[in-house]
Amino acid sequence: MKSLKSIKNWTLTKSLKNNNFSFKREYVLKFVPSLFLTNAFTSISNWKNYRATPLIKLDKLKKNLKLNNIFYKDESKRFHLKSFKALGGAYAVEKISKGKKNIIISSATAGNHGRSVAWGAKRLGLKCKIFVSQYVSDSRVKEIKKFGAEVIRVKGDYENSLNECKKLSKKNNWKIVQDVATRDYKLVPQLTMAGYSIMIREISKQTNQYITHIFLQAGVGGMAAGVVAGVAKYFKRIPKIIIVEPDRADCVLQSIKNNKLKKIKIKKESIMGGMSCNEMSYIPWQILKKASNCCVSVSDRNVAKTVAMLKDKKLSKNSIIGGECSTPGIISLIGICNNSSTKKLIELNEKSNVLVIGCEGNADVKL
Ligand SMILES: Cc1ncc(COP(=O)(O)O)c(C=O)c1O
């Protein structure tokens with residue numbers, strides 16, 4: 001295992017035990033109801049070209065880390081969007097448009113959510129307006145435009161693009177499809193999370209091994225909460241849930257530490273762009289504040305190396321194309337295996353069956 005020698009010194013930036021942990025299926029499914037999950041699977045599994053994405057074993061890495069199994073859910077194969085996001089925004093567009101053809105869909109995005117919304121609108125023949133900040137790369141904009149959406153660039157950060165989207169949508173009566181929940185904007189984010197839960201529905205049929213640990217990367221927490229809802233509905237045994245964030249954008253860790261929603265200041269954007277978020281979404285907060293066992297953060301240092309290792313078959317038999325946001329589960333798993341106290345805390349050992357989410361392919365080819 002010479003080629004994996006260098007991972008011996010990979011570290012976590014922070015790790016935090018959730019002192020308020022208490023996983024209850026009914027509690028989780030109060031926020032994303034079971035029927036939403038059933039309906040999402042029924043609809044999406046009937047879309048053209050639907051296929052469960054591969055669940056790949058990272059056998060070379062598991063040997064090195066002395067674990068029983070490491071499963072990698074390869075979302076680079078999700079429809080042709082190359083990201084789990086295809087399951088969320090596009091599904092919400094379908095649900096809220098209710099078969100109407102004369103409506104215009106709008107959304108603000110850091111990239112992937114907007115692609116999903118644009119794709120969802122195109123699938124249904126609807127017009128779509130996507131708002132992006134000045135920081136969203138040209139190649140991500142190009143990807144959104146491929147689906148026929150009009151892209152509107154807004155000066156400033158994501159929040160500015162969201163405010164502009166809200167303002168123009170109100171004025172023009174466009175239907176906003178946003179994945180971030182607030183106290184008074186819940187339904188669309190709930191539908192989005194219900195879409196994400198499909199990953200767990202698929203996994204429950206793809207292996208008969210009980211998953212003992214799930215590493216979930218978080219931006220605003222929507223993907224993590226959608227997966228946790230899936231776990232509450234579809235898994236027989238509840239695994240340990242570990243939330244992973246870029247250390248420059250650890251809003252989940254800070255919220256759990258303070259036991260209240262915390263808005264943080266991002267001094268420098270992480271290369272894991274989709275996860276560079278400063279505040280959690282409201283419903284994910286309600287779910288993750290109880291359901292996560294532990295939060296960890298990692299630096300950008302090993303992101304490019306991990307993308308290369310996935311591609312060069314250093315972790316598994318087959319080559320895997322992953323983007324930046326596909327790496328933090330692997331990076332933090334390695335970091336925990338190098339840190340005996342956190343490893344002990346989450347009871348990670350030679351019997352563990354770990355799941356990491358490879359949530360995107362090379363969505364930003366240039367990067
Ligand atoms: C590829 C990728 N992974 C993970 C995330 C984090 O998801 P969430 O913001 O729902 O926590 C994002 C968010 O855009 C993403 O694009």
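Before reading further, recall that the structure is shown in the block above.
Residues numbered from 1 in each chain as written. Predicted model: local features only at pLDDT ≥ 70, side-chain atom pairs only at ≥ 80, totals over all residues. Heavy atoms only, no water.

## Considering the nonpolar core
By size, the foremost hydrophobic cluster in this structure holds 120 residues, and its most contacted members are Leu216 and Ile287. With 9 residues, the top contributor of residues to this core is helix 10 (residues 222-234). Look past the residues within four positions of leucine 216 in its chain and what remains in contact with it is Met223, Ala224, Val227, Val228, Ile241, Ile242, Ile243, Val244 and Ile357. If you look at the next biggest cluster of nonpolar residues, it comprises 8 residues, including Phe131, Val154, Leu162 and Cys165. (Core = buried A, V, L, I, M, F, W, Y, C linked by side-chain atoms within 4.5 Å. Buried < 20%, exposed > 50% of the residue type's maximum accessible area, 1.4 Å probe, protein only. Helix = DSSP H or I, 4+ residues; strand = E, 2+ residues; numbered from the N terminus. Contact = heavy atoms within 4.5 Å.)

## Remarks on the pairing of strand 6 (residues 150-154)
As paired strands, strand 5 (residues 127-133) and strand 6 are joined by 5 bridges and run parallel to one another. Across the sheet, the residue bridging to lysine 129 is glutamate 150, located in strand 6. The parallel pair strand 5 and strand 6, bridged by helix 6 (residues 138-145), forms a crossover whose chirality is right-handed. (Pairing = 2+ DSSP bridges. Right-handed = clockwise from strand over helix to strand, strands pointing away.)

## So, unusual backbone geometry
Here the phi dihedral of lysine 66 falls at roughly 55 degrees; this positive angle occurs in a residue that is not glycine. Unlike most non-glycine residues, asparagine 173 shows phi in positive territory, near 60 degrees. When you line up the elements, asparagine 173 lands in the loop between helix 7 (158-172) and strand 7 (175-176). Accessibility expressed as a relative area gives 68% for asparagine 173, which makes it exposed.

## Looking at the packing of helix 9 (residues 198-206) against helix 10
Following both chains from N to C, one finds helix 9 and helix 10 inclined at 40 degrees, their axes separated by 7 Å at the closest point. By the angle class used here, helix 9 and helix 10 are oblique. The handedness of the crossing between helix 9 and helix 10 comes out as right-handed. Touching Met199, Ile200, Arg201 and Ser204 of helix 9 are Met223, Val227, Gly230, Val231 and Tyr234, all from helix 10. Counted by class, the contact of helix 9 with helix 10 contains 6 nonpolar, 2 polar and 1 charged residues. (Axes fitted to C-alpha atoms, helices over the stretch in contact; angles between N-to-C directions. Parallel < 35°, antiparallel > 145°, perpendicular 65-115°, else oblique. Left-handed = near helix turned anticlockwise from the far one by under 90°. Nonpolar A, V, L, I, M, F, W, Y, C, P; charged D, E, K, R; others polar.)

## Considering the site of the ligand
Among the 14 residues in the neighbourhood of the ligand, the closest are listed as Asn112, Gly219, Gly221, Met223 and Gly274. The separation between an oxygen atom of the ligand and a polar side-chain atom of asparagine 112 is 2.9 Å. Relative to its free-state accessible area of 390 Å², the ligand is covered by the protein chains to the extent of 95%. Of the residues in the shell around the ligand, the class split is 7 nonpolar, 5 polar and 2 charged. (Near = heavy atom within 4 Å. Polar contact = N/O pair within 3.5 Å; in protein donor to acceptor, adjacent residues only side chain to side chain. Areas by Shrake-Rupley, 256 points an atom, 1.4 Å probe, with all protein chains shown as cover.)

## Considering the sheet that holds strand 9 (residues 240-246)
Strand order in the open sheet made by the 7 strands is 1-10-9-8-11-3-2, with mixed pairing throughout. Two strands bound the open sheet, and with one partner strand each, they are strand 1 (14-17) and strand 2 (55-57). Averaged over neighbouring strand pairs, the angle between their axes works out to 25 degrees when direction is ignored. The pairing of strand 3 (residues 69-74) with strand 11 (residues 353-358) spans 6 bridges and is classified as parallel. Each bridged residue has a counterpart across the sheet, and for phenylalanine 71 the counterpart in strand 11 is leucine 355. Strand contacts of helix 10: strand 8 (213-217), strand 9 and strand 11, with the helix running at about 150 degrees to strand 8, the strand carrying the most contacts.

## Side note on the pairing of strand 9
Two faces belong to every sheet, and in a regular strand the side chains alternate between them. Of all 7 residues in strand 9, 6 are buried, a share of seventy percent or more. Sheet analysis places strand 8 next to strand 9, joined by 5 bridges and oriented parallel. Residue pairing in the sheet places glutamine 217 in a bridge with valine 244 of strand 9. Regarding topology, helix 10 serves as the crossover connection from strand 8 to the parallel strand 9, and that connection is right-handed.

## A look at the pattern of salt bridges
Oppositely charged side chains can form a pair if their charged atoms are brought close together. Scanning all chains against the criterion turns up 19 salt bridges. For glutamate 159, the salt bridge identified is with lysine 263, shortest N-O distance 3.3 Å. Taken together, the positions of glutamate 159 in helix 7 and lysine 263 in the loop between helix 11 (251-258) and helix 12 (282-291) put the pair 104 residues apart, joining distant regions of the chain. Given the relative accessible area of 33%, glutamate 159 is considered partly exposed. A relative accessible area of 46% places lysine 263 in the partly exposed class. Via salt bridges that share partners, Lys73, Glu75, Arg78 and Glu202 belong to a single interconnected network. (Salt bridge = Lys/Arg side-chain N within 4 Å of Asp/Glu carboxyl O.)

## What about the sheet that holds strand 6?
Sheets are built from strands paired through backbone hydrogen bonds, the pairs being either parallel or antiparallel. Pairing within the open sheet is parallel, and its 4 strands lie in the order 6-5-4-7. Looking at strand neighbours, the two that pair on one side only are strand 6 and strand 7, the edges of this open sheet. Taken together, the 2 bridges between strand 4 (residues 104-109) and strand 7 define a ladder with parallel strand orientation. Residue pairing across strands places isoleucine 105 opposite lysine 175, the latter belonging to strand 7. Relative to strand 4, helix 7 is tilted by about 165 degrees, and along the sheet it contacts strand 4, strand 5, strand 6 and strand 7.

## Concerning the environment of lysine 257
Mapped onto the secondary structure, lysine 257 falls in helix 11. Placed 26 residues apart in sequence, lysine 257 and valine 231 show a C-alpha to C-alpha distance of 24 Å.

## Details of the packing of aromatic side chains
Inspection of every chain in the model, using the stated rule, returns 8 aromatic pairs. Each ring, one from phenylalanine 41 and one from tyrosine 50, has its centre 6.4 Å from the other, and the planes form 85 degrees; the classification is edge-to-face. Between phenylalanine 84 and tyrosine 196, the ring centres sit 4.8 Å apart and the planes meet at 70 degrees, which makes this aromatic pair edge-to-face. Of this pair, phenylalanine 84 sits in the loop between strand 3 and helix 4 (89-97) while tyrosine 196 sits in helix 8 (residues 187-196), and the two are 112 residues apart along the sequence. Judged by its relative accessible area of 7%, phenylalanine 84 falls in the buried class. Linked through ring pairs, Phe41, Trp47, Tyr50, Phe79 and Trp119 together constitute an aromatic cluster. The residue whose ring lies beneath arginine 123 is tryptophan 47, and the NZ or CZ to ring-centre distance is 4.0 Å. Looking at arginine 201, its charged tip hangs above the ring of phenylalanine 41, at a distance of 3.9 Å from the centre. (Phe/Tyr/Trp six-rings, centres within 6.5 Å; stacked < 30°, edge-to-face > 60°. Lys NZ or Arg CZ within 6 Å of the ring centre and 35° of its normal.)

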